[in-house]
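Descriptive structure summary
The chain contents come next:
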Amino acid sequence: MNKPTRHIMILAGEPSGDFHGAALVRSLKFLSPGTRITGIGGKAMAGQGADIFFSIDKLSAMGLIQVIKQIGTIKQAFSLVKRRLKTDLPDAVVLIDYPGFNLKIAAFIKQHYDIPVCYYIAPKVWAWNSKRLDTIAKVTDHVALIFPFEIPIYKAQKIPSTYVGNPLVDEYPQTLPILNEDNKKSLSDDLVIGLLPGSRSAEIDKLLPVMLDAAGMIAKNIAKKCPHLKFLISSGIKQHEERIQHIVFHHPNGYLCRIVTGRPKQIFDRANLLIAASGTVTLEAALNLVPTVIIYKMSFVAYQLAQLLVKTKYIGLANLVVGSQVMPELIQDNANAVTISDTVLSMIPELENHRQQLHQVRRRLGLPGAPKRTAAIILNLIHNH
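Given the structure is predicted, the values throughout are model-derived calculations rather than measurements.

Next up on the list: the overall build of the protein chain. Along the protein chain, the regular secondary structure elements total 18 helices and 13 strands. In the protein chain, which comprises 385 residues, the proportion classed as buried is 51%. Summarising the internal contacts of the protein chain: among those between residues at least 6 apart in sequence, 69% fall at separations of at least 24. When the accessible area of the protein chain is evaluated, it comes to approximately 18800 Å², of which 55% is carbon and sulfur surface.

Below, the structure written as structure tokens:
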């Protein structure tokens, strides 16, 4: 007897996965109305009608110590997924990022069930741990790729995959921002510089003080040219707001800055230039055509380890997409106030040229529609199965 409705399980372990998962849920329901979606996720996926049986609030651990502390919670989530598979078997399972957890789940599914598994936003095998490709080949039926440079890697391993485009292209359509009193970067000679210290507490503690040191140097150098220079600090995650406020309040250059809460889009629309921690936000900045200096610092041991493991020429996603340094990168010892300040000051007279270079990023990423193309692949996997 045929099932009355399709059932798809989506497993996302972090806020970014929940965000991309929500767009996928919306696309699945658009292409196949009545599809029932369950899984691990957060408020974004739930808001699109997914039945979330385990919240990512309990799972989003960053750093080794936090992960160790959360082993019990991760085991609990794993057990719950296994129980759900037994009592309410889906027609397909979709994995979103979170590879440590998701690849183990996929291996379990392939061992015990005959259902297709699709990976959307796959592990960063192009940066490190390329051995995961062997696992991906064994435990998935299809991989929806979001970076063009992933295509030859998966093709070489003969892993069924499709480049679906990047979901951030949908998030930031190519339109001019609406200008108002708070958003006048195209109408004023006054300079606005955004400071984006990252989304993890360790990043904020390491990078924000250096950014504030650099802000003081920049302000000193261009005080006559830009008397109304502003620095806007992005505070994207509610639980980090107090931490950022504390650092800014106790820093001698704190008076130069204003904290902006919520999505970084607010800063993209107002800033002429950014100083940002390496991460997805720098790709978002590129799609918004905001010239950016990428910085990153880590502990000495972590940096030595990264030098051994990481095999990419660049750390910035925009640079990786284009294949050249369209955003300057200042890593470890180079991520100091003097070098950051000098880099920013050298970019200011050339801002339009830097903006123009960023057009390449969108061109390389292709057209909007990644969630819809991924949804079509998933539904096709179910149909062919």
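Spatial strand order, β3-β2-β1-β4-β5-β6-β7: seven strands in an open sheet with parallel pairing. Both edges of this open sheet fall to β3 (51-55) and β7 (161-163), since each of them pairs with a single strand only. Across the sheet, the axes of successive neighbouring strands diverge by a mean angle of 15°, strand direction being ignored. Helix α5 (residues 99-112) rests against β1 (7-12), β2 (36-41), β4 (92-96) and β5 (117-120) of the sheet, and its axis sits at about 165° to β5.

Turning to unusual backbone geometry, a few remarks are in order. Residues other than glycine seldom take positive phi values, yet I121 does so here, at roughly 65°. Here I121 is to be found in the loop between β5 and α6 (132-139). Even without a glycine there, the phi angle at K158 is positive, about 55°.

We now examine the packing of aromatic side chains. Following the criterion strictly, the structure yields eight aromatic pairs and no others. Judged by centre distance (5.9 Å) and plane angle (80°), the ring pair of F78 and F101 falls under edge-to-face. Of this pair, F78 sits in helix α4 (residues 71-87) while F101 sits in helix α5; the two residues are 23 residues apart in sequence, bridging distant segments of the chain. Three or more aromatic residues joined by ring pairs form one cluster here, namely F78, Y98, F101, F108 and Y113. Over the ring of F30 we find K372, and its NZ or CZ is 4.4 Å from the ring centre.

A few words now on the confidence of the model for the protein chain. Within the protein chain, residue pLDDT values average 89, and 89% of them lie at 70 or more. In this model residues 178-184 is a low-confidence stretch, pLDDT under 50, and it forms nine contacts with partners more than four residues away in sequence or in other chains.

As a further point, take helix α18 (residues 370-384). Taking 1.5 Å of rise per residue, 15 residues should cover 21 Å, and α18 covers 21 Å from first to last C-alpha, within 8% of that figure. What α18 keeps buried is the set A370, P371, T374, A375, I377, I378, L379, L381 and I382.

What follows covers the nonpolar core. By size, the foremost hydrophobic cluster in this structure holds 61 residues, and its most contacted members are I10 and Y120. Top element by residues in this core is α18. It accounts for seven residues. Counting residues in each nonpolar core, the second largest holds 36 residues, with F231, I233, A277 and Y296 among its members.

Right, let's get into helix α9 (residues 201-221). For α9, spanning 21 residues, the distance from its first C-alpha to its last is 30 Å, which sits close to the expected 30 Å at 1.5 Å a residue. Of all the bends in α9, the greatest reaches close to 30° and is centred on L207; the proline P209 follows between one and four positions later. Inspection of α9 places E203, I204, L207, L208, V210, M211, L212, A214, A215, G216, I218 and A219 among the buried residues, and these make up the whole buried set.

Turning our attention to the sheet that holds strand β10 (residues 257-261). With parallel pairing, the six strands of this open sheet are ordered in space as β10-β9-β8-β11-β12-β13. Unpaired on one side and paired on the other, β10 and β13 (329-331) mark the two borders of the sheet. For this sheet, the mean angle separating the axes of adjacent strands, direction not counted, is 20°. As paired strands, strand β8 (residues 192-196) and strand β9 (residues 230-235) are joined by four bridges and run parallel to one another.

What counts, and at which threshold
Residues numbered from 1 in each chain as written. Predicted model: local features only at pLDDT ≥ 70, side-chain atom pairs only at ≥ 80, totals over all residues. Heavy atoms only, no water. Helix = DSSP H or I, 4+ residues; strand = E, 2+ residues; numbered from the N terminus. Buried < 20%, exposed > 50% of the residue type's maximum accessible area, 1.4 Å probe, protein only. Contact = heavy atoms within 4.5 Å. Areas by Shrake-Rupley, 256 points an atom, 1.4 Å probe, with all protein chains shown as cover. Pairing = 2+ DSSP bridges. Axes fitted to C-alpha atoms, helices over the stretch in contact; angles between N-to-C directions. Phe/Tyr/Trp six-rings, centres within 6.5 Å; stacked < 30°, edge-to-face > 60°. Lys NZ or Arg CZ within 6 Å of the ring centre and 35° of its normal. pLDDT = per-residue confidence, 0-100. Expected span 1.5 Å × (residues − 1). Core = buried A, V, L, I, M, F, W, Y, C linked by side-chain atoms within 4.5 Å. Bend = angle between axes of the 7 residues up to and from the residue.

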